[in-house]
Number of protein chains: 2
Amino acid sequence: MDKNNFSSPIDLKDIKVTDEFWHREQELVRTEVIPYQWDALNDRVKDAAPSYCMHNFKVAGRMMKEKQQKGSSYVAPTYTFRGFEALPEDPAHPDDDKFFGFVFQDTDFSKWIEAVAYSLTQHPDADLEKTADEAIDIVCAAQLDNGYLDTYYIINGMDKAFTNLKDHHELYCLGHLTEGAVAYYQATGKDKLLKAACRFADYVADYFGPEEGKCKGYPGHEIAEMALVRLYQVTGEEKYLQLSRFFLEQRGTLPKYFELEDARRAEAEGRTFKTDTDPMSYCYYQAHKKVQAQDEAVGHSVRAVYLYSGMADVAKLTQDEEMLAACERLWNSMVREKLYVTGGIGGTHIGESFSFPFDLPNDTAYSETCAAIGLAFFARRMLEIKADSKYADVMEQALYNTVLSGMALDGKSFFYVNPLEVLPEACHKDHRKFHVKAVRQKWFGCACCPPNIARIVSSIASYAYTEKEDTLWTHLYMGSVLTKKVGEKELHIKLDTKMPWDGKVKVELHADDEVACTLAFRIPGWCNKNTYQVVCSADVEQKIQDGYVYLTGSWKDGDSIDLDFPMEVHMLSSDTRVREDIGKVAFTRGPITFCMEEADNGKNLHLCMVDKSRIKTGDKWNVSVEMTEELGHSMAVLKVPGLRQEESSVAQESLYVEYKPIKETQTELTFIPYYAWNNRGEGEMSVWVRI
Amino acid sequence: MDKNNFSSPIDLKDIKVTDEFWHREQELVRTEVIPYQWDALNDRVKDAAPSYCMHNFKVAGRMMKEKQQKGSSYVAPTYTFRGFEALPEDPAHPDDDKFFGFVFQDTDFSKWIEAVAYSLTQHPDADLEKTADEAIDIVCAAQLDNGYLDTYYIINGMDKAFTNLKDHHELYCLGHLTEGAVAYYQATGKDKLLKAACRFADYVADYFGPEEGKCKGYPGHEIAEMALVRLYQVTGEEKYLQLSRFFLEQRGTLPKYFELEDARRAEAEGRTFKTDTDPMSYCYYQAHKKVQAQDEAVGHSVRAVYLYSGMADVAKLTQDEEMLAACERLWNSMVREKLYVTGGIGGTHIGESFSFPFDLPNDTAYSETCAAIGLAFFARRMLEIKADSKYADVMEQALYNTVLSGMALDGKSFFYVNPLEVLPEACHKDHRKFHVKAVRQKWFGCACCPPNIARIVSSIASYAYTEKEDTLWTHLYMGSVLTKKVGEKELHIKLDTKMPWDGKVKVELHADDEVACTLAFRIPGWCNKNTYQVVCSADVEQKIQDGYVYLTGSWKDGDSIDLDFPMEVHMLSSDTRVREDIGKVAFTRGPITFCMEEADNGKNLHLCMVDKSRIKTGDKWNVSVEMTEELGHSMAVLKVPGLRQEESSVAQESLYVEYKPIKETQTELTFIPYYAWNNRGEGEMSVWVRI
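These lines cover the structure that appears in this document, whether it is placed above or below. (Residues numbered from 1 in each chain as written. Chains lettered and ligands numbered in written order. Predicted model: local features only at pLDDT ≥ 70, side-chain atom pairs only at ≥ 80, totals over all residues. Heavy atoms only, no water.)

Here's the deal with a negative patch on the surface
Residue and element names in this part refer to chain A.
Part 1 of the argument: A cluster of acidic residues, Glu490, Asp512, Asp513, Glu514 and Asp557, forms a negative patch on the protein surface.
Part 2 of the argument: Structurally, Asp512 can be placed in the loop between β8 (504-510) and β9 (515-522).
Part 3 of the argument: Of the residues examined, Asp512 reaches a relative accessible area of 76% and is grouped as exposed. (Patch = residues over 30% accessible without salt bridge, like charges linked within 9 Å, V, L, I, M, F, W, Y side chains within 5 Å. Areas by Shrake-Rupley, 256 points an atom, 1.4 Å probe, with all protein chains shown as cover. Salt bridge = Lys/Arg side-chain N within 4 Å of Asp/Glu carboxyl O. Lys, Arg positive; Asp, Glu negative; His and termini not counted. Charge placed at Lys NZ, Arg CZ, Asp CG, Glu CD. Helix = DSSP H or I, 4+ residues; strand = E, 2+ residues; numbered from the N terminus. Buried < 20%, exposed > 50% of the residue type's maximum accessible area, 1.4 Å probe, protein only.)

Focus on the interface of chain A and chain B
Part 1 of the argument: Across the boundary between the two partners, chain A contributes 66 residues, which contact 67 residues of chain B.
Part 2 of the argument: Interface of chain A and chain B: buried area, both sides summed, is about 5300 Å²; carbon and sulfur atoms make up 56% of it.
Part 3 of the argument: The interface formed by chain A and chain B includes 4 salt bridges.
Part 4 of the argument: Put simply, B:Glu684 and A:Arg579 hold a salt bridge, and the shortest N to O gap is 3.0 Å.
Part 5 of the argument: Only α13 (321-337), α16 (424-429), β14 (569-574) and β22 (656-658) of chain A provide two or more residues apiece to the side of chain A that touches chain B.
Part 6 of the argument: Taken together, the residues that form the side of chain A that touches chain B break down as 28 nonpolar, 18 polar and 20 charged. (Contact = heavy atoms within 4.5 Å. Buried area = accessible area lost by both parts, 1.4 Å probe. Nonpolar A, V, L, I, M, F, W, Y, C, P; charged D, E, K, R; others polar.)

Section: the pattern of salt bridges
Part 1 of the argument: Within the structure shown, the criterion is met by 102 salt bridges over all chains.
Part 2 of the argument: Across the pair A:Arg336 and A:Asp575 runs a salt bridge, and its minimum N-O distance is 3.0 Å. On the criterion of sequence distance, the pair formed by A:Arg336 in helix α13 and A:Asp575 in the loop between β14 and β15 (584-589) is long-range, its members being 239 residues apart.
Part 3 of the argument: Here B:Lys468 makes a salt bridge to B:Asp470, at a shortest N to O gap of 3.7 Å.
Part 4 of the argument: Residue class for B:Lys468 comes out partly exposed when judged on its relative accessible area of 22%.
Part 5 of the argument: Connected through salt bridges with shared partners, the residues A:Glu261, A:Asp262, A:Arg265, A:Glu269 and A:Arg271 form a single ionic network.

Some remarks on helix α3 (residues 106-122) of chain A
Part 1 of the argument: Over its 17 residues, α3(A) extends 26 Å from the first C-alpha to the last, a length consistent with the 24 Å expected when each residue adds 1.5 Å.
Part 2 of the argument: Taking burial as the measure, the 17 residues of α3(A) include 17 buried ones, the bulk of the element. (Expected span 1.5 Å × (residues − 1).)

Digging into the packing of aromatic side chains
Part 1 of the argument: For the coordinates displayed, the defined rule picks out 84 aromatic pairs over all chains.
Part 2 of the argument: Seen from their ring centres, A:Phe21 and A:Tyr400 are 5.5 Å apart, and the 40° between their planes marks the pair as tilted. One end of the pair, A:Phe21, is in helix α1 (residues 20-41); the other, A:Tyr400, is in helix α15 (residues 389-405), and 379 residues separate them in sequence. There is no split in this pair, since A:Phe21 and A:Tyr400 are both buried.
Part 3 of the argument: A centroid spacing of 5.5 Å and a plane angle of 90° characterise the contact between B:Phe21 and B:Tyr675, whose relative ring orientation is edge-to-face. Of the two residues, B:Phe21 is situated in helix α1 (residues 20-41) and B:Tyr675 in the loop between β23 (664-673) and β24 (685-686); the sequence distance between them amounts to 654 residues. One exposure class covers both B:Phe21 and B:Tyr675, and it is buried.
Part 4 of the argument: Taken together, the ring pairs connect A:Tyr148, A:Phe162, A:Phe200, A:Tyr203, A:Tyr207, A:Phe208, A:Phe246 and A:Phe247 into an aromatic cluster.
Part 5 of the argument: Cation over ring: A:Lys256 sits above A:Tyr282, and NZ or CZ is 4.6 Å from the ring centre. (Phe/Tyr/Trp six-rings, centres within 6.5 Å; stacked < 30°, edge-to-face > 60°. Lys NZ or Arg CZ within 6 Å of the ring centre and 35° of its normal.)

Describing unusual backbone geometry
Part 1 of the argument: For the bond from A:Leu254 to A:Pro255, the omega torsion is -10°, close enough to zero to count as cis.
Part 2 of the argument: Of note in this structure, A:Gln286 is not a glycine but carries a positive phi near 55°.
Part 3 of the argument: Mapping A:Gln286 onto the fold places it in the loop between α11 (279-284) and α12 (301-318).
Part 4 of the argument: A:Gln286 gets classed as buried once you look at its relative accessible area, which sits at 0%.
Part 5 of the argument: Even without being glycine, B:Ser367 reaches a positive phi, approximately 45°.
Part 6 of the argument: By the element assignment, B:Ser367 lies in the loop between α13 (321-337) and α14 (369-385).

Purely geometric stuff here, so don't read any function into it on its own.
Set out below in structure tokens:
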């Protein structure tokens, strides 16, 4: 690994996203999702499962206050092999002074504050900041004197804190809190929440670690790994990086920690402990092997990509070649064997997990929105280590398709699960597809996806650009105005594009003085490597490496660069090992994957086929691209020459009849962007179509 | 319904199955399954889950004996709305004096004795009969004085008897016990078990019924309905028929009995009772509607066809037109919308149930062996009401394919689940397919399928023929020698055929005197209605009705009938609403459905296709039929002109690549009978193939 080419995401305060496509998404998040989310956190949304998140913080805060008034304080649970000191009995509380919701309900706040933070960098909003500050006050009031901050245990009794790392998400709560706190600090300069996160992290760093007498556990749901790296980066406090590395390196060690803690709990509860002999169980948590030895992406897919992101962070910061090699193997396992053409991951709803290689069912897919988001996290981190367009291609695919599919075009409803084929009747009647919703939902009791969309959309610019001292990499093209600082000098960059609908990109440079640096632009995987063009007004050195054009020289005011990545329609087939896609094709154009909907193509999409005899014109696919509007959003649709198989007659006397050559009628199939599906009511959808 | 045309199955003592195909199956059952089953009942099979069945009867028997010695006796639980009188405390028993296994474990015996009974009619065996008599002694010793006989409650305490009809299978145990008892009585003339069954049925008839104060419940798992009809037929005791009708007519009544009993149990156990709001729950038990109002086959598919069989029985015996109309609607729902081309039913493993109409996935199919057996039960009963070949066609399809697929060619291992497409890797790695086994299993803890195969195979002749006073119907063609009694006279019939491999049937008649009667022969649905031939040496009246040829006249010694049903290969496509089969075909010939196996066609069966350009020769399919031997069993295989799609290169850099016309190589595809799949080790299998 070449430390000299490491990069970091740009500071969101140095950029404004002006892009028509992404600005619209960010405005949806700002005007719809963030306020809605805040109402949800406060249980004010009708017809939605209450979050209880802020309720829990308030209850915990009141308990803290009572104790402080009485002069008592929480006793820190001290780690011992067997258990924890029990707290003195809490004073009786009114009935509603209880914890409600999932054990990780605190993270609803953490994700919200993170999205708020990013949004404030793009759109300052004093009222929102005030609301956020007040929320932070409520959250911080719940923190124990010793730094511990997870309302589930604070309210229910600290005696069981850290006794169920496998399932109880305390370190996940630490991770999200830290992500939110760092983001809010970076956006506003306010450090109250950051300090709270540090105190919680300090507490955890005292409790866990390689030193004798410390707990050898690690998170059941990863995220703390990458969050602690961010905390290290913002505070410079080495112990957070060490703690992250410790958590990573504990996974897969023997004896298995989750088994130890389960045995302890069993003893405490008088249960018989049974060793879990299912080899899949530890895969679910990516705790089946040492991380450096992992080579297949397995288990819960959100956990997996959060882990891999943390691994990439630590590999980079500690120049751990072995860790990086594992990241690369896991990357390859995902993108070569387990990635949907929509950039989604997670082939099975059972354990919300990866399935075995090439098992990518379309109709029962899980392809969780959060997993696609996590895939983008991982890709961005791999790009920071090495700018290779293969990472950016997949990141782009995930962001433009599965991530955005997670949110309705009006920002008011959400998908967890992003199938590639939907028959609504099956979603309603077939238990095997109950996880696939035929329409987006308002909010979820387990609200991971909507706030995750909010935080990634608000911070999208940090996926578009990374930088090092003298180089700025453009990974994703979106209209933006940003400033690249090179030493004392500033290069102002204005990028214009109509992506994802057109491959032309115009870059204008402004500077008071000449600025010597490198501007690197990704050559997208979807464009023809022979026909793209880079025209630069300045006389600079041009080099192509790993899918990026590097322009190095001295830039002056008024310089411009014109990039043109021809955006043609691709008709893709899958590796023949993907059984579900055999005999079928999918359409993409630029970063967008397309799908058919019932609204355009009628019912029974399985009877539609691409007309092989008409699909080709010379060297190109005979597919026309038309721009259209949907809910005030302009998008491209594809018109594909198709056939429609005649339905068997209802009068047909038997379910099975002698084969007759199929009667087909010519038709034109309409494909819309996958992310925009299901904005016109319930109906069939399919990404793959027979040919 | 025309009472004059009702028929009944022939007496198994009047027939010998001489057929090469079925005699082999019966011998497997006699020499392999029945002895193995007996060992299993007695927990003597290594590497198989113990049954505990005979253990439980012995424990209950010892308890009975102790009580009798002490002069005490079980107190009959008297039905009241709220609960039951508790028994006095049982004396302490040694640790192994407990009930083990499923609540319905008694039925392992009942199914075994039923198979034994049928087998004894075909192959008298004094040793086996002695073993059976001893087993009956053990079982009868466990019966309470009041007639109750379910070891689960006898051993665990009778206070909870009949408090959980929904899930605890007591009436299912009654049903199977009755089926076994009637069969053993009919086979051997011995009535000890029959009397025990009568006493249990009497007890149940006192306990349940429309009269005030009696329990209004009904079986959670149907079978008692049809069993009680058999008991009525063999004893002439009207109350058994009435009880059967009562059970049928209680289903779907309000308030829902299962909810009432659940509420009662909740109260007794101090639980909060929650109304089950899932509309699917009652469908599972076919208790969602009055049976006369049911029109879609739903829920647990074994339960469903057992219920429908009972409905058909009662419809026939009480000439209930409304009940019959429901049977016909349910029949149509199954065969028109929910039947696999293998004669299997049950599209989903969730609840081992029917899925919604036309949802017939091949790879996740449940298609339980027992459900196909139950379908044959139902079909035979519909045939008894009206000889229409549509019923016999489906019965034949179920018997020759899914029922026989349930047992290995050597009779030593069994399938519960009969998928139409198998990728072994998925069975091992994908939780969604864990119910699909890639190889047959030795025995099951829940041993329903193997003994069910044993009982239907041993009694196959009663599906082949039904009769009324002056008419004998041949529904299935199998080599056999039987005697039709007409008044005082006897017509001896010898039928020879090479079914299922050849459509020719030769019937020879022998009689001392001329016998006037009708011989009716089914014209199979799979033969060409224009080319089949019936040649009769006697001058008799010939009539065709509902798919049967009726030959009526006076038969004399030496008369003969030659039937020839041309057996051509069919290449079938499914109704276009079956999404899983779109673009695919399946092959059948005669009653046999075929499939491809990896052993013949290599891995990656999904890459195989029928070669459209070579599949037709004139008016026929260009498929050759070859006879082959497997494990000493001769069978036809099909050779089909095929194509094999080239695999994508492992070096291919991406999971998704630009579509290129598929490279195919010509090949010959081999299809073997579906029932014979998986007799050559683990491998891929597929019934449907792309065209």
